[in-house]
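# Overview (structure and organization)
Spelled out from the first residue to the last, the chains are:
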Amino acid sequence: MSTDTTFSMLTRFRNRLANRRWPAWSRSPRGLLAGFIAVHLVFLVFALVVSLSGGAFSDTYIYREWARAGFDEQNLGPEPSPWVYPVLALVPIAVAGVAGPGPFFFLWVLMITVLNGWAVGKLTDWGRDRHAFPAAWWWLGFLFLMGWLGFARVDGLTAPLVLIALVYGVAHPVAASVLLSVATWMKVWPAAVVLTLVTVTRRRVAVVVAGLLVSAAAAGIAAAMGALPRLFDFLTQQGDRGMQLEATFTTPWLWSSVLGVGGSQMYMNTKINSMQVDGPGTATMAVLMQPLLLLAAAVVTVLIARALRNGERSGDTDRTELLLAGSLTMVTAFIVFNKVGSPQFMVWLAPAVAVGLTHHWKAWRVPAAMLIAIAVATFFVYPLFYYELSHNDPLMALVLTLRNALLVLLLGWSSRRLYQLGTRRPATALAAKEV
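Now for a description of the structure that goes with this document. (Residues numbered from 1 in each chain as written. Predicted model: local features only at pLDDT ≥ 70, side-chain atom pairs only at ≥ 80, totals over all residues. Heavy atoms only, no water.)

## What to know about the environment of Trp118
The residue Trp118 is located in helix α6 (residues 104-123) in this model. Overall, the relative accessible area of 31% leaves Trp118 in the partly exposed class. C-alpha of Trp118 to C-alpha of Leu322: the two residues are 204 residues apart in sequence and 24 Å apart in space. When sequence neighbours within four positions are dropped, the list of residues in contact with Trp118 reads Trp126, Leu161, Ile164 and Leu179. (Helix = DSSP H or I, 4+ residues; strand = E, 2+ residues; numbered from the N terminus. Buried < 20%, exposed > 50% of the residue type's maximum accessible area, 1.4 Å probe, protein only. Contact = heavy atoms within 4.5 Å.)

## Digging into the nonpolar core
Judged by nonpolar contacts, the single largest core of 118 residues is most densely connected at Trp66, Trp108, Trp138, Trp139, Leu349, Trp364 and Leu371. With near-sequence residues (within four places) excluded, Trp139 lies in contact with Asn116, Val120, Ala159, Pro160, Leu163, Ala350, Pro351 and Ala354. Among the nonpolar cores identified, the runner-up in size contains 17 residues, and Val258, Ala286, Met289 and Val381 belong to it. (Core = buried A, V, L, I, M, F, W, Y, C linked by side-chain atoms within 4.5 Å.)

## Remarks on the packing of helix α9 (residues 173-184) against helix α10 (residues 191-200)
One way to put it is that α9 packs onto α10 with a least axis distance of 9 Å and a crossing angle of 155°. As summarised for this structure, α9 and α10 are arranged roughly antiparallel, according to the angle between their axes. Here α9 and α10 pass one another in a crossing that is left-handed. Counting all contacts with α9, which are made through Pro173, Ala176, Ser177, Leu180 and Thr184, the residues of α10 involved are Ala191, Val193, Val194 and Leu197. Residue classes in the contact of α9 with α10 are distributed as seven nonpolar, two polar and no charged. (Axes fitted to C-alpha atoms, helices over the stretch in contact; angles between N-to-C directions. Parallel < 35°, antiparallel > 145°, perpendicular 65-115°, else oblique. Left-handed = near helix turned anticlockwise from the far one by under 90°. Nonpolar A, V, L, I, M, F, W, Y, C, P; charged D, E, K, R; others polar.)

Shown next, in the form of structure tokens:
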């Protein structure tokens, strides 16, 4: 069965379930705004109720303690060091804690809601680009399926910033570089998109200078906190950690532990609050993951450069498509070739796909569908059945294995697309922009 046939069947099935007024309503700014409000109200109301009771949720408990302690480790208990994150991540944490620990969680979710609103507005040109509405709906659906993974972690702040940066893209590379650099100094993963942007854009020097200026500002904030020597601690804080339970390359040891063969077992690394798997060869694999990640990044960079060079030779270079496909490939490689496999990493994949849907809907609907399946599987893994998974439940191990297999398939799809962009002319290789 062809891809077109499959998606046609899915569209017909959706239309049978939906109200006849749905197509017109969903394409209206009022409908999209209502959808945005509905999705975010779920999280805002929950956050307000939890905050009023004096609580927090997931990693925001740790963030709240950091803010309460003034980011001074001497004032902290068993919590991980705040310097596991780059310095700019501490800024929104400080903002959320400005009114004390009580409303911290609600203010945190409110900040992410504002950033998501900016992202949806930019994606749709503030409601003027009706062709982008399906992509915006996809983004909202993905956020909803990911649940608190997109709202209770620093990753929830960086994802909308990366989406906005990709909308600016090659047309406004300096603005994109500033946003990506800010996001990178909150959580390292947007560096994958920075590397792609530098490779694709004509204004490489301006992009690099913009990044350096943001880095200088980050250093200034660290200096103002009296913590300049700790500026790069995030690069070493977790360097000695083992293979995390959910990481793609942990899968063989996961099943060794589940089946009780081979001497592997799961354990909690309380120092960094991470469930890991230990067994024969895991220490060696943990050491190998860093060079494998660097090698994968180099291969992706070569694919992007190849596509750019061949496109320039033929006079048909779609730099926006290269930026999007390259970003998705690079970010997916950052996840697949990583000894850390935290569930919130799946949020990293969505910005490139959302913007890709506005660029070439027909081509990008394949990774969009894959990412919805990844989000559903991730939600079952965490938070629904993480206890069962961490206690060797075979069914949840199978769900996690299927999720990781989808990640590998996504890496294959995006790599193949990059290769095609360097092999065939975009006019024949890319689908026409449609919705």
